[in-house]
Amino acid sequence: MADYRTFTTEDAKRFADEHSTLFGDHSKLHCEEFGDGNLNLVFRVSNDKGTSLIVKQALPYARCVGESWPLTIDRARIEAEVLIKHRKLCPEHTVEVLYHDPVQAAILMEDLDDYRILRAELIAGKQFPHLATQLAAYLAHTLYYTSDFALTGPNKKQQVGRFLNPELCLITEDLFFTDPYCNHERNNVHAEIRSDAQQLWHDEALQADVAQLKVNFLSKPQALLHGDVHSGSIFINDENCKLIDAEFGFYGPIGFDVGSLLGNLLLNYLGHFGLTADADIRQQHQAYLLEQIQTLWQAFATNFQQLMSNECREPSLQNSLYQQRFMQQVFADTLGYAGCELIRRTVGLAHVADLEQISDSATRGQSERKALKLGRELILQRASLANIEQVIALVRYQ
Ligand code: ADP
Ligand code: MG
Ligand code: MG
């Protein structure tokens, strides 16, 4: 295919057939467009034997807004290359990309049809014992092996240049760090928490810390991030979980990926105050989430520390005191970005179903208020909270 054009279902079938040995005659294939994401087209292509693959294509604009919000289609290249790299580093927990075409901005990948989206499962109160350990392994491996501990200077810099991703980063810079802290027209503030949002817009101490986290995001190329680790980017089943949707990937602060995930687990925790009326069932689910949050950090830190101790080839970074300080700094960043995620999902443009699905608006307002309060505390106290147990105590106190 020559120049870029938006795929029809026929194009998606042809693309899947041409670039996979699984099929063989595209006229016999079935195809539907079923993406529920904000930005892209997602097709499922299947044959009559039940074999299926996914074709994802970037549009030259953001799907949820339309042509008035143009967006580079280079994001498909970034997404494919991040997923391919992350899959090399952590094959168990990264979706498999089979082919990608940078001109058509299209990716052919495995169909995770025997997995479900984590967010919907957690909203339904489902529990997965392996969630935290598997995601900690994914984060530790992908982040460690793309960091300065593993890459030599020139190679690292070349990688940083390959994944600059300025347009998608700008979306995060605006939506995560700017809009929620001022009366921006892109914000989406429910009437019940209007006055709480207004407090954010005048909270100079908080704004100073968010500015620091934003500059950190802009200028700390520690590792190749996934860049969008929310619970809608995680597919899960009773045995395993896998990450998809890495178009926001770039070299940034390690705590951003870990904190985004932690923030999403906390949003689910707070959402259940309004989602689950039965107190016993609610407490049981919330206890599960706190356990997973604790394990997530502990397992991530243990994995990452082991990799630093055993694998680091750079003599000056083998210093164990430095490595301890490094982990403490990643911990503080993680808490700060988790706090930002809580706040931006409550008053910013893109909300989460964990809060939106609370049917009574006054009850939803209570969970949203808790999210703002906890988010603020995590940001302000990120450097003084000594360990994950203290964070859990802070969450319980909400
Ligand atoms: P966007 O970048 O637009 O958010 P996503 O990559 O998140 O797109 O995909 C949107 C939706 O498409 C997902 O929520 C999921 O339902 C479906 N999807 C995406 N990739 C796969 C896959 N590999 N297997 C099965 N479903 C997928
Ligand atoms: Mg998505
Ligand atoms: Mg996406």
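Owing to the predicted nature of the structure, the values given are computational and were not obtained by experimental measurement.

Scoring rules and cut-offs
Residues numbered from 1 in each chain as written. Chains lettered and ligands numbered in written order. Predicted model: local features only at pLDDT ≥ 70, side-chain atom pairs only at ≥ 80, totals over all residues. Heavy atoms only, no water. Core = buried A, V, L, I, M, F, W, Y, C linked by side-chain atoms within 4.5 Å. Buried < 20%, exposed > 50% of the residue type's maximum accessible area, 1.4 Å probe, protein only. Helix = DSSP H or I, 4+ residues; strand = E, 2+ residues; numbered from the N terminus. Near = heavy atom within 4 Å. Polar contact = N/O pair within 3.5 Å; in protein donor to acceptor, adjacent residues only side chain to side chain. Areas by Shrake-Rupley, 256 points an atom, 1.4 Å probe, with all protein chains shown as cover. Domains from an automatic or database assignment. Contact = heavy atoms within 4.5 Å. Buried area = accessible area lost by both parts, 1.4 Å probe. Salt bridge = Lys/Arg side-chain N within 4 Å of Asp/Glu carboxyl O. Nonpolar A, V, L, I, M, F, W, Y, C, P; charged D, E, K, R; others polar. Donors = N, O, S within 2.8 Å, 3.2 Å for Na, K, Ca; no water. Pairing = 2+ DSSP bridges. UniProt positions renumbered as here; feature names shortened; annotations may be inferred. Disulfide = S-S within 2.5 Å. Phe/Tyr/Trp six-rings, centres within 6.5 Å; stacked < 30°, edge-to-face > 60°. Lys NZ or Arg CZ within 6 Å of the ring centre and 35° of its normal. Axes fitted to C-alpha atoms, helices over the stretch in contact; angles between N-to-C directions.

### What to know about the nonpolar core
Counting 84 residues, the largest nonpolar core has Leu143, Phe177, Ile254, Trp297, Phe300, Phe304 and Leu378 as its most contacted members. Per element, the largest residue contribution to this core is 12 residues, and it comes from helix α10 (residues 279-311). Residues Ala80, Val95, Val160 and Ile244 belong to the second largest nonpolar core, which totals 20 residues.

### A closer look at the site of ligand 1
Neighbouring ligand 1 are 20 residues, the closest being Asp36, Asn40, Lys56, Glu110 and Glu247. Leu39 places a main-chain nitrogen or oxygen 3.2 Å from an oxygen atom of ligand 1. For ligand 1, whose accessible area on its own is 550 Å², the fraction buried by protein is 93%. At the level of secondary structure, the elements contributing two or more residues to the shell around ligand 1 comprise β2 (40-46), β3 (52-58) and β7 (106-110). Here the shell around ligand 1 takes three residues from β2, the largest share from any one element.

### As for the domain arrangement of the protein chain
As assigned here, the protein chain comprises domain 1 (9-110) and domain 2 (116-396). Of note, the centres of domain 1 and domain 2, computed from C-alpha atoms alone, are 26 Å apart. With 24 residues of domain 1 at the contact, the number on the domain 2 side is 28 residues. Roughly 2300 Å² of surface becomes buried between domain 1 and domain 2 when both sides are summed, with 64% attributable to carbon and sulfur atoms. By the criterion of area lost to domain 2, the three top residues of domain 1 are His86, Leu89 and His93, representing 28% of everything that side buries. At the boundary of domain 1 and domain 2, one finds four salt bridges. Note that Lys242 and Glu110 form a salt bridge whose closest N and O atoms lie 3.1 Å from each other. Remark: the boundary between domain 1 and domain 2 carries 14 residue pairs in polar contact (both at pLDDT 80 or more). Looking at the side of domain 1 that touches domain 2, the elements that each hand over two or more residues are β5 (66-70) and α2 (74-89). No other element matches α2, which puts 11 residues into the side of domain 1 that touches domain 2. The residue makeup of the side of domain 1 that touches domain 2, split by class, is 10 nonpolar, five polar and nine charged.

### Considering the coordination of the magnesium ion (ligand 3)
The protein atoms donating to the magnesium ion (ligand 3) are Asp245 (OD), Asp245 (OD) and Glu247 (OE), with metal-donor distances spanning 1.8 to 2.4 Å. A gap of 3.6 Å separates the magnesium ion (ligand 3) and the magnesium ion (ligand 2), which Asp245 links by coordinating each metal. Each member of the pair Asp245 and Glu247 is classed as buried.

### Comments concerning the sheet that holds strand β10 (residues 234-236)
Sheet strands line up and pair through hydrogen bonds in the backbone, either parallel or antiparallel. On the basis of which strands lie adjacent, the open sheet formed by three strands has the order β8-β10-β11 and antiparallel pairing. Strands with a single pairing partner mark the edges of an open sheet, and in this sheet they are β8 (116-117) and β11 (241-243).

### Focus on unusual backbone geometry
We note that Ala105 has phi near 50°; this positive angle belongs to a residue other than glycine. Mapped onto the secondary structure, Ala105 falls in the loop between β6 (97-101) and β7. For Asp245, which is not glycine, the phi dihedral falls at a positive 60°. Following the sequence through the fold, Asp245 ends up in the loop between β11 and β12 (250-252).

### Things to note about the UniProt feature "domain: Aminoglycoside phosphotransferase" (unreviewed entry) in the protein chain
UniProt records the feature "domain: Aminoglycoside phosphotransferase" (unreviewed entry) at residues 31-268, using the numbering of this structure. For residues 31-268, the end-to-end C-alpha separation is 33 Å, with 41% helix and 20% strand making up the annotated structure.

### A short note on the UniProt feature "binding site: ATP" (unreviewed entry) in the protein chain
Per the UniProt annotation, the sites labelled "binding site: ATP" (unreviewed entry) are Asn40, Lys56, Glu110, Asp111, Leu112, Asp245, Ala246 and Glu247. Residue placement: Asn40 occurs in strand β2. For Asn40, a relative accessible area of 7% gives the class buried. Discounting residues that sit within four places of it in the chain, Asn40 has contacts with Lys56, Gln57, Ala58, Leu59, Arg63, Arg75 and Glu247. Here Glu110 is to be found in strand β7.

### Focus: the state of the cysteines
In protein chemistry, a disulfide is the covalent bond that joins the sulfur atoms of two cysteines. Enumeration over the complete set of coordinates arrives at zero disulfides. In this structure Cys241 is a free cysteine whose sulfur lies 8.7 Å from that of Cys90, the closest cysteine sulfur available. Residue Cys241 is classed as buried on the basis of its relative accessible area of 0%.

### Here we look at the packing of aromatic side chains
Enumeration over the complete set of coordinates arrives at 22 aromatic pairs. A centroid spacing of 5.8 Å and a plane angle of 85° characterise the contact between Tyr269 and Phe273, whose relative ring orientation is edge-to-face. In this pair, Tyr269 and Phe273 both sit in helix α9 (residues 254-275), four residues apart, roughly one turn of the helix. Members of the aromatic cluster, connected to one another through ring pairs, are Tyr144, Tyr145, Phe149, Trp297, Phe300, Phe304, Tyr322, Phe326 and Phe331. A cation over a ring is seen here: Arg44 above Phe34, with NZ or CZ 4.5 Å from the ring centre.

### Let's talk about the sheet that holds β7
Judged by pairing direction, the sheet is antiparallel, and its five strands sit side by side in the order β1-β2-β3-β7-β6 without closing on themselves. Edge positions in the sheet fall to β1 (30-33) and β6, since each has one partner strand and no second. Going across the sheet, the axis of each strand differs from the next one's by a mean of 20°, ignoring polarity. For β2 and β3, the ladder comprises seven bridges, and the chain directions are antiparallel. Paired with Leu41 across the strands is Gln57, a residue of β3.

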